[in-house]
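Spelled out, the chains give:
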Amino acid sequence: MVSLHPLGGNRSGWAGETDLARAAADEGFVLVVPQGLWGMWNAGQCCGPAAGFGVDDVDFLDVVMTATAELAEVDPERVYMAGLSNGGLMASRYACEGEYAPAAVAAVAVVPWDFDGCDGDVPLLVSIGDEDEVFPFDGGTTWMGLWASGRGSRSWAEMTDELVDTYACAADPELSEFSLWSRPSEETTDWSRADYPDCSAPLRLTTTAGVPHTWLWGGDWSHTREVLDFFGLWGPRSNR
């Protein structure tokens, strides 16, 4: 799994800010954590100087994905990409524009702005908390969003409509809801999941109730487990 840090992050800090490194050791997959120039990724209009100066992070990640696939212990057909916030935006952009097609992509704590030119051929998971202070669930502008990208956010519903069209989904999603311990501040977190079964590639959209702009980890269920479940990397080590 290639894991992309959020805005202002770095590869060493990001590797320790979630339990992805521990999950990689427990579940037997290789974790690769690249570093964005100036601690950011050019995910289109976001973010900061990386976008302003047109840093070619798609090309950079082409190199990272290819080098990862060439590792002796890696199956080149099972190279995944996941990211948080700016890293999630970059992952969703790479799903559309990257030369090396990931086996699947996960974008956490984001509402990607558009999928223009996207073929919808890469399995995609997008997840947001309904109290996200950067990408408001119902759309609109926040000072943090303006600081990061200079623009407001569209709503989760608007993004969903475009994704369903982009992925040519011909059937209603399979809906599931569950409550599990996901963070120290709450006894349980309510998760809502929509799996779209009849699309050009698998599409999963999940929301978490009362959760702000973050990657949940630890607990009985978390973004780590949701991502690894979607990727097929969490569970018996025989899944490797």
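Residues numbered from 1 in each chain as written. Predicted model: local features only at pLDDT ≥ 70, side-chain atom pairs only at ≥ 80, totals over all residues. Heavy atoms only, no water.

Some remarks on helix α4 (residues 57-69)
To keep things clear, this is the line we draw: Strands here mean DSSP runs of E at least two residues long; helices mean DSSP runs of H or I at least four residues long; both are numbered from the N terminus. Multiplying one less than the number of residues by 1.5 Å gives the expected span of a helix. Contacts: residue pairs with any heavy atoms within 4.5 Å of one another.
Here α4 contains 13 residues, and its C-alpha end-to-end distance of 18 Å stays within 8% of the 18 Å for a straight helix at 1.5 Å per residue. Lining the buried residues of α4 we find β1 (2-4), β2 (81-84) and α5 (86-97).

Observations concerning the sheet that holds strand β6 (residues 189-196)
Where we set the bar: At least two bridges found by DSSP between two strands are what make those strands a pair. Here an axis means a line fitted to C-alpha atoms, over the contact stretch when the element is a helix, while the angle between two N-to-C directions is reported on a 0 to 180 degree scale.
In space, the seven strands of this open sheet follow the order β1-β2-β3-β4-β7-β6-β5, with mixed pairing throughout. Two strands in the sheet have a free side with no partner beyond their single neighbour: β1 and β5 (174-180). Recorded for the sheet is a direction-independent mean angle of 15° between the axes of neighbouring strands. Along the sheet, α4 contacts β1 and β2; its crossing angle with β1, the most-contacted strand, is approximately 150°. Across the face of the sheet, α5 comes into contact with β1, β2 and β3 (105-108) while running at roughly 145° to β2.

Examining the environment of Gly9
Stated precisely, the cut-off is as follows: Any residue under 20% of the maximum accessible area for its type is buried, any over 50% is exposed, and the rest in between are partly exposed; the area is computed with a 1.4 Å probe on protein chains only.
Looking at the secondary structure, you find Gly9 in the loop between β1 and α1 (11-17). Classification of Gly9 as buried rests on a relative accessible area of 13%. When neighbours within four sequence positions are excluded, Gly9 is seen to be in contact with Gln35 and Gly39.

Quick word on the packing of α4 against α5
The condition that has to hold: Relative orientations are named as follows: roughly parallel for angles under 35 degrees, roughly antiparallel for angles over 145 degrees, roughly perpendicular for angles from 65 to 115 degrees, and oblique for any other angle. Under the grouping applied here, Gly and all other residues not named as nonpolar or charged are polar, the nonpolar ones being Ala, Val, Leu, Ile, Met, Phe, Trp, Tyr, Cys and Pro and the charged ones Asp, Glu, Lys and Arg.
Closest axis-to-axis distance for the α4/α5 pair is 10 Å, and the angle between their directions is 80°. If you check the angle between α4 and α5, you find them roughly perpendicular. Residues Asp57, Val58, Leu61, Asp62 and Met65 of α4 pack against Met90, Arg93, Tyr94 and Glu97 of α5. Of the residues assigned to the contact of α4 with α5, the class counts are five nonpolar, no polar and four charged.

Here's the deal with the state of the cysteines
Our working rule: Two cysteine sulfur atoms form a disulfide, by the criterion used here, when they sit within 2.5 Å.
Tallying each qualifying case throughout the model produces three disulfides. The partner cysteine of Cys46 in its disulfide is Cys47, sulfur to sulfur 1.4 Å. With respect to class, Cys46 is no different from Cys47; both count as buried. Here Cys96 pairs with Cys118 through a disulfide, and the sulfurs are 2.3 Å apart. Residues Cys96 and Cys118 are joined by a disulfide whose S-S torsion is about -85°; by sign, that bridge is left-handed. Taken as a pair, Cys96 in helix α5 and Cys118 in the loop between β3 and β4 (124-129) lie far apart in primary sequence, 22 residues in all. In the protein chain, the bonded cysteines, numbered by position in the sequence, are linked as 1-2, 3-4, 5-6.

Notes on unusual backbone geometry
Even without a glycine there, the phi angle at Ser85 is positive, about 60°. Structurally, the position occupied by Ser85 is in the loop between β2 and α5. Look at Ala109: it is not a glycine, yet its phi comes out positive at around 60°. The residue Ala109 is located in the loop between β3 and β4 in this model. What makes Ala109 buried here is its relative accessible area of 3%.

Let's talk about the pairing of β6
For β6, a buried count of six out of eight residues is recorded, marking the element as mostly surrounded by other parts of the structure. Pairing of β5 with β6, which is carried by seven bridges, proceeds in the antiparallel orientation. Paired with Phe178 across the strands is Trp191, a residue of β6. The hairpin turn running from β6 into strand β7 (residues 203-208), its antiparallel successor, is six residues long.

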